[in-house]
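Chain by chain, the residues:
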Amino acid sequence: MNPLRSLLALLVFPGLLYALPMGWLMLGMERKLRARFQGRIGPPLSQPFYDVVKLLAKWPVPRVVADKWLLAGLPLLAVGSMMGALTLLPVFAGESGFPGDLILLVGLLEMPPLCMILAGYASRSIYGEVGATREAIISIASNVPLLAALVALATAANSMHLSEIAVATPWTVRIPALLAILFCLPVKLRLNPFSLANAEQEILAGPLTEFDGPLLALWELAHALEWVALTGFAATLMFPVRSGLWFVDALVFVLLSLILVPLLTLLASATARLKIAQATRLLWRWGSVIAAVALATALLVRHGGH
Amino acid sequence: MNAPERGLFFRLIERARRRSAWLFHFNAGSCNGCDIELVACLTPRYDVEQVGICLEGSPRHADVLCVSGPVTRTTRAALVTIYSQLPGPKVVVAIGSCPATGNVFAGSPMIDGPLDRIIPVDVYVPGCPPRPHSIIAGVARAIDLLAGRRSAVVEGGR
């Protein structure tokens, strides 16, 4: 893996320079579209940017009961791991990443929920603890179909290398696996039918209840980057052809990522929040069925091919 | 102490504060009349989110503390705690006649209000209950004060 190329991927595209404005645009689109679906005018697209600037300029109230280094480290870790995940996305043709980077990507994508769970407990707030418990349960529930779908993709492509998986997986496996991954997207992004962990107003703000000022801004950043990374990951799997021209590949990636935003927002506006048991049942029953279909087809494709 | 403009950085912060005011609503023994009117501001008819105003669940996320009710003796301690949990710069809006004067409860031994005896109040929105228009006007005035705050010292309290 070319070090210059990976540095560019980290800092320019699909890393920091692209992901930050894109994350704000996606969050802004989500809020604007949700408002339009509800018959409101809604905030301007630049709203998430102003939210972060305002939060960065606040004067936080010091707390004595919680470990301040832990509380500062967790959102930083979430932001950092999302940057790493973005770097690994197989947007372009040719050799990017390294064999086995699928496992690293899964680990990095799991970091923000894990950080949020730890932050909820570390903040020493009852609402934080309730939110963290819910986040932990919903993470386990959504990881069953998600990981099964990824195993199916890797089995069918006979590789753990993301750039090979993105291109080589046959459609028979790709479609059910992609459906299972899309099923898990609103869970990972804590959107409405699965917005149990951050459950606004119901348990105040969930794990982030006790975070204020710059630290809350960091969480907002991590969330924006999560949007870009997760929709981007789905986008790289949706379209298996890489033209080789970098701008065409980049444009396809951006468009496919952006298409997912209105769809996710529509789902979030049309549904109400589920209970934790209902959400888990839905994910384990229907999500796992789709993922199991993907897994079965993957095994058939692989053994049929020999 | 509204200092003159201090360059691009401060103007950006001021603009961000104007366009992203998050509210926390504290019910200090209100009859729920003002609370309903406050929530009405979020509905499609008034839609305050178009200027970035959100109702937040946690006081630590908020910029504007909206208090309704005459501050009963049982809510006083919670009110003081919540006020201290808001990170600065912060402003307080007294929603309705109760936090401003005590309204029909004035002189009752059960209330510790009016509100400005307990925490500094920046904007009063009178009415029993005030209409959503008045609440939005009051919050807009509060956001003006918020954007100009330069130091942690609260000025303008009565």
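What you are looking at is a predicted structure, and each value in this text was computed from that prediction instead of being measured.

Asker: Looking at this model, I keep getting lost on the overall build of chain B. Mind explaining?
Answerer: Helices and strands together make up the secondary structure of chain B, namely 5 helices and 5 strands. Sequence-ordered secondary structure for chain B, helices as α and strands as β, is α-β-α-β-β-α-β-α-β-α. In terms of overall dimensions, chain B is globule-like: its C-alpha atoms have a radius of gyration of 15 Å, near the 15 Å expected for 158 residues. Projected onto the principal axes, the alpha-carbon positions of chain B cover approximately 50 × 35 × 25 Å. Buried positions account for 46% of the 158 residues belonging to chain B. Here the analysis covers contacts within chain B between residues at least 6 apart in sequence; of these, 82% occur between residues at least 24 apart.

Asker: Before we go on, may I ask you to explain the packing of helix 4 (residues 68-88) of chain A against helix 9 (residues 213-238) of chain A in this structure?
Answerer: Two packed helices can be described by the angle between their axes and the distance between those axes. All names here are of chain A. One can describe the packing of helix 4 onto helix 9 by two numbers: an axis separation of 9 Å at closest approach and a directional angle of 20°. Regarding the angle of helix 4 to helix 9, the classification is roughly parallel. Crossing hand, helix 4 versus helix 9: left-handed. Contacts between helix 4 and helix 9 involve Leu71, Ala72, Pro75, Leu76, Ala78, Val79, Met82, Met83, Ala85 and Leu86 on the former and, on the latter, Leu215, Leu218, Trp219, Leu221, Ala222, Leu225, Glu226, Val228, Ala229 and Gly232. Residues of the contact of helix 4 with helix 9, tallied by class, amount to 18 nonpolar, 1 polar and 1 charged.

Asker: Explain the sheet that holds strand 2 (residues 54-55) of chain B to me, please; I cannot follow it from the model alone.
Answerer: Pairing between sheet strands relies on hydrogen bonds along the backbone, with the strands arranged either parallel or antiparallel. All names here are of chain B. Strands sit in the order 2-1-3-4-5 across an open sheet of 5 strands; the sheet is parallel. In the strand order of this sheet, the two ends are held by strand 2 and strand 5 (123-125), each with one partner. Here strand 4 (residues 91-95) runs beside strand 5; their pairing, made up of 3 bridges, is parallel. Bridge pairing in strand 5 links Ala94 to Tyr124.

Asker: Which parts of the structure should I look at to understand the interface of chain A and chain B?
Answerer: The parts lose accessible area when they come together, and the size of an interface is often stated as this lost area. Contacts between the two partners involve 27 residues from chain A and, on the opposite side, 20 residues from chain B. Mapped by element, the contributors of at least two residues to the side of chain A that touches chain B are helix 3 (47-56) and helix 9 of chain A. A per-element tally of the side of chain A that touches chain B places helix 3 of chain A first, with 5 residues. Its residues assigned to classes, the side of chain A that touches chain B shows 13 nonpolar, 7 polar and 7 charged.

Asker: Which parts of the structure should I look at to understand the environment of A:Leu77?
Answerer: One can find A:Leu77 in helix 4. Among residues more than four places away in sequence, those in contact with A:Leu77 are A:Met111 and A:Cys115.

Asker: Honestly, the nonpolar core in this entry has me stumped. Any pointers?
Answerer: Most often, soluble globular proteins have nonpolar side chains that are buried together. Counting residues in hydrophobic clusters, the biggest one holds 98 residues, and the most contacted among them are A:Ala149, A:Ala152, A:Leu153, A:Ala180, A:Leu225 and A:Ala294. Take this core: its biggest share by element is 16 residues, from helix 9 of chain A. A:Leu153 has contacts with A:Ile165, A:Thr169, A:Val173 and A:Ala177, leaving out every residue within four places of it along the chain. Counting residues in each nonpolar core, the second largest holds 38 residues, with B:Ala28, B:Val64, B:Val71 and B:Ala94 among its members.

Asker: Would you explain the packing of helix 1 (residues 7-19) of chain B against helix 5 (residues 132-148) of chain B in this entry?
Answerer: Residue and element names in this part refer to chain B. Between helix 1 and helix 5, the least distance of the axes is 9 Å, while the angle of their chain directions is 155°. Here helix 1 lies roughly antiparallel to helix 5, going by the angle between them. For the element pair helix 1 and helix 5, the recorded crossing hand is right-handed. Residues Glu14, Arg17 and Arg18 of helix 1 lie in contact with helix 5, whose contacting residues are Ile143, Leu146 and Ala147. Class assignment of the residues belonging to the contact of helix 1 with helix 5 gives a composition of 3 nonpolar, no polar and 3 charged.

Here is what the cut-offs are and how they apply
- Residues numbered from 1 in each chain as written.
- Chains lettered and ligands numbered in written order.
- Predicted model: local features only at pLDDT ≥ 70, side-chain atom pairs only at ≥ 80, totals over all residues.
- Helix = DSSP H or I, 4+ residues; strand = E, 2+ residues; numbered from the N terminus.
- Rg over C-alpha atoms; globule rule 2.2 N^0.38 Å.
- Buried ≥ 20, exposed ≤ 12 C-beta atoms within 10 Å, placed from the backbone.
- Contact = placed C-beta atoms within 7 Å.
- Axes fitted to C-alpha atoms, helices over the stretch in contact; angles between N-to-C directions.
- Parallel < 35°, antiparallel > 145°, perpendicular 65-115°, else oblique.
- Left-handed = near helix turned anticlockwise from the far one by under 90°.
- Nonpolar A, V, L, I, M, F, W, Y, C, P; charged D, E, K, R; others polar.
- Pairing = 2+ DSSP bridges.
- Core = buried A, V, L, I, M, F, W, Y, C linked by C-beta atoms within 7 Å.

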